[in-house]
Number of protein chains: 2
Amino acid sequence: MKEGPDIAQIGSLIGDPARANMLTALMGGRALTATELAAAAGVTLQTASAHLSKLEAGGLLAQRKQGRHRYFALADDRVGKLLEGIMGFAASRGHLRHRPGPKEPALRKARICYDHLAGDYGVRMLDSLIETGSISVMGEGLSLTARGEKHLGSIGIDVSGLRSNRRPLCRSCLDWSERRAHLAGSLGKALLSNFFDKGWARRTENSRSIFFTPEGERRFLALFPLEPGDGHPQSGLDENL
Amino acid sequence: MKEGPDIAQIGSLIGDPARANMLTALMGGRALTATELAAAAGVTLQTASAHLSKLEAGGLLAQRKQGRHRYFALADDRVGKLLEGIMGFAASRGHLRHRPGPKEPALRKARICYDHLAGDYGVRMLDSLIETGSISVMGEGLSLTARGEKHLGSIGIDVSGLRSNRRPLCRSCLDWSERRAHLAGSLGKALLSNFFDKGWARRTENSRSIFFTPEGERRFLALFPLEPGDGHPQSGLDENL
DNA sequence: TTCATACTTCGATCGTAACCGAAGCATCTC
DNA sequence: GAGATGCTTCGGTTACGATCGAAGTATGAA
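Residues numbered from 1 in each chain as written. Chains lettered and ligands numbered in written order. Predicted model: local features only at pLDDT ≥ 70, side-chain atom pairs only at ≥ 80, totals over all residues. Heavy atoms only, no water.

**Observations regarding the overall build of chain A**
Helices and strands together make up the secondary structure of chain A, namely 11 helices and 11 strands. In chain A, 60% of the contacts between residues at least 6 apart in sequence involve partners at least 24 apart. When the accessible surface of chain A is totalled, it reaches about 10,300 Å², and 52% of it is carbon and sulfur. (Helix = DSSP H or I, 4+ residues; strand = E, 2+ residues; numbered from the N terminus. Contact = heavy atoms within 4.5 Å. Areas by Shrake-Rupley, 256 points an atom, 1.4 Å probe, with all protein chains shown as cover.)

**So, the packing of aromatic side chains**
Following the criterion strictly, the structure yields 14 aromatic pairs over all chains and no others. Relative to Trp200 of chain A, the ring of Phe195 of chain A lies with its centre 5.6 Å away and its plane at 10 degrees, an arrangement referred to as stacked. Judged on exposure class, the residue Phe195 of chain A and its partner Trp200 of chain A are both buried. Through pairs of rings, three or more aromatic residues link up here, namely Tyr121, Phe195, Trp200, Phe212, Phe220 and Phe224 of chain A. Seen from the ring of Trp200 of chain B, Lys198 of chain B lies directly overhead, with NZ or CZ sitting 4.9 Å from the centre. (Phe/Tyr/Trp six-rings, centres within 6.5 Å; stacked < 30°, edge-to-face > 60°. Buried < 20%, exposed > 50% of the residue type's maximum accessible area, 1.4 Å probe, protein only. Lys NZ or Arg CZ within 6 Å of the ring centre and 35° of its normal.)

**A word on the protein's contact with DNA strand C**
Gln46, His51 and Lys54 of chain A together with Thr35 and Ser49 of chain B are the nearest of the 21 residues found near DNA strand C. Within 4 Å of the protein, the contacting atoms of DNA strand C are drawn from sugar and phosphate to the extent of 69%. Within the side chain of Arg19 of chain A, an N or O atom sits 3.1 Å from a phosphate oxygen of DNA strand C. At the level of elements, helix H2 (17-26) and helix H4 (45-57) of chain A together with helix H3 (34-41), helix H4 (45-57) and strand E3 (69-74) of chain B are the ones that each hand at least two residues to the surface near DNA strand C. It is H4 of chain A that provides the largest number of residues to the surface near DNA strand C, a total of 4 residues. Looking at the surface near DNA strand C, its residues break down into 4 nonpolar, 10 polar and 7 charged. (Near = heavy atom within 4 Å. Polar contact = N/O pair within 3.5 Å; in protein donor to acceptor, adjacent residues only side chain to side chain. Nonpolar A, V, L, I, M, F, W, Y, C, P; charged D, E, K, R; others polar.)

**Digging into the pairing of strand E3 (residues 69-74) of chain A**
Residue and element names in this part refer to chain A. Summarising the sheet, strand E1 (residues 32-33) and E3 pair through 2 bridges and their orientation is antiparallel. Its bridge partner lying in E3, Leu32 is registered against Phe72. In textbook terms, the turn of a hairpin is the stretch between consecutive antiparallel strands, and for strand E2 (residues 61-66) and E3 this stretch comprises 2 residues, one of which, Gly67, has a positive phi near 60 degrees. (Pairing = 2+ DSSP bridges.)

**A few points about the pattern of salt bridges**
Side chains carrying opposite charge are able to pair once their charged atoms draw close together. Counted under the stated rule, the structure contains 13 salt bridges over all chains. The closest approach of N and O atoms between Asp76 of chain A and Arg93 of chain B, which form a salt bridge, is 2.9 Å. Of this pair, Asp76 of chain A sits in the loop between E3 and helix H5 (77-92) while Arg93 of chain B sits in the loop between helix H5 (77-92) and helix H6 (104-109), on two different chains. Here Asp76 of chain A falls in the partly exposed class, since its relative accessible area comes to 25%. Exposure remark for Arg93 of chain B: the relative accessible area of 23% places this residue in the partly exposed category. Note that Arg208 of chain B is salt-bridged to Glu84 of chain B, the shortest N-O span being 3.6 Å. Residue Arg208 of chain B is found in the loop between strand E10 (201-203) and strand E11 (210-212), and its partner Glu84 of chain B is found in helix H5; the two are separated by 124 residues along the sequence. Considered together, Arg208 of chain B and Glu84 of chain B belong to a single accessibility category, that of buried residues. (Salt bridge = Lys/Arg side-chain N within 4 Å of Asp/Glu carboxyl O.)

**What to know about the packing of helix H2 (residues 17-26) of chain B against H3 of chain B**
Residues and elements named next belong to chain B. At a minimum axis distance of 8 Å, the contact between H2 and H3 shows a crossing angle of 120 degrees. As far as their axial angle goes, H3 and H2 are oblique. As H2 packs across H3, the resulting crossing turns out to be right-handed. For the pair H2 and H3, the contacting residues are Ala18, Asn21, Met22, Ala25 and Leu26 in the first and Leu37, Ala40 and Ala41 in the second. Here the residues of the contact of H2 with H3 are counted per class, giving 7 nonpolar, 1 polar and no charged. (Axes fitted to C-alpha atoms, helices over the stretch in contact; angles between N-to-C directions. Parallel < 35°, antiparallel > 145°, perpendicular 65-115°, else oblique. Left-handed = near helix turned anticlockwise from the far one by under 90°.)

**Looking at the sheet that holds E2 of chain A**
Residue and element names in this part refer to chain A. Read across the sheet, 3 strands follow the order E1-E3-E2 without closing on themselves; strand pairing throughout is antiparallel. Every interior strand has two partners, whereas the edge strands, E1 and E2, have only one. Across the sheet, H4 touches E2 and E3, and the angle it forms with E2 is around 120 degrees.

**As for the nonpolar core**
Among soluble globular proteins, nonpolar side chains are generally buried collectively. In terms of nonpolar packing, the biggest core is built from 78 residues, with Ile14, Leu60, Leu61 and Leu74 of chain A together with Ile14 of chain B touching the most fellow members. Beyond its immediate sequence surroundings of up to four residues, Leu60 of chain A is in contact with Leu13, Ile14, Leu23, Leu55, Ala73, Leu74, Ala75 and Val79 of chain A together with Phe89 of chain B. (Core = buried A, V, L, I, M, F, W, Y, C linked by side-chain atoms within 4.5 Å.)

**Details of the environment of Leu142 of chain B**
Residue and element names in this part refer to chain B. Relative to the helices and strands, Leu142 is located in strand E7 (residues 141-144). Leu142 sits in the buried class, given a relative accessible area of 5%. Spatially, the C-alpha atom of Leu142 lies 9.0 Å from that of Leu169, the residues being 27 residues apart in sequence.

Below, the structure is given as structure tokens:
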């Protein structure tokens, strides 16, 4: 039969638990050293080294040498999208890896998805942007309105600068915990960076979850209000789970 | 670390060559028996049976008993989308499973992707629909215009009937061979069925490729004309590889 | 009932890949 | 230079899962 691309190869790359743990850790968006990834995967350094070689040879990872450290990161955002897609599918089938632990709620509330905000807060942000007319929904796609450009400009997002980027401005990304869409693309990245810069939120160690300060949380919720009782303004974006 | 859904489990399901062959064969859209799938995977019936049990337990396959046959199919179109996504990724990394063989050109020209048309012809069809104003592109999404509804109605597609369906009407699907988008969704399915019903094209045995009759090919190309020299009318849809 | 077909289950084999200890190489610090 | 840290390579063990032969079950045909 031998038809089409070899899905078995990348399946087996993702299929090993140690490698899957590494990839999941790297979904946090920042580059990690081999030692950190070994800890994340729960294996020794030698084993991790072998896994990392395979992942790199398979085109999933990129590495950058820096002094005596070797930093690994996802090769590009297509890898992130692929992984989030598989996560969404796995979540929909109930293949959760764990009994819900103490870190689970934080992860569902706000986490990083490659480079943008996901989880309850991520979904809320997109919902609010749509509800207030900053982003319009067209079929499966999203586009920033003139009103939205002004709105985001007022909080310090340089939209025209982002437009010159090759990467799409708005993109929807299916959230595995909420099973609805959140905002990806260069705008999604810029918004999350903005929150970090302002000190509203920060990354947490060893986890994809994002910690909001009380003040940051207050400001975030005020900036992205939601009409009470109207939980699902995203027409056509949440049907695919 | 143990965060999020278990991507390793579904990765390992897809990661075995025999199972990957089975899934690829089932991307053809029709249900196959265990014996047929064993042949497709190149393993004995006992081995195939074990694989099919795992795939079903993992939620990738659904089975239907019919007499003494047991038919297997992809569980739903989300599985198809997941697989096509992985195929697209694998193709972009050059993980082709084979040296290009004799069946390869036919597969690139026209093939079935779960239930709709893919390959060169699939991409052409969407390009033409966009160029003639039947479908409009909005960000990453697609929507059928009033003009398009009339146009397709004239060839026997009942668009209003499709709209009542829960499944989205238009959806773009990334084509692994062309690396551009083709039309999925209920409309994509309806169009391919229409071609089959009219006798323009038919499925081929043991392959995902679609055979067009000379007459059908002529009609198809006439129905979906393309401005010469304008190869890439899809703005924003082909950037993601 | 008898036979054939379609498939599953059992049991055993076998190959591969994950794994780690130990040693080796590279880079930084002092 | 000496020592420490970060990582890779080598070699050998081990465990898991893919595989198939043989036997067992279910459905249909004669």
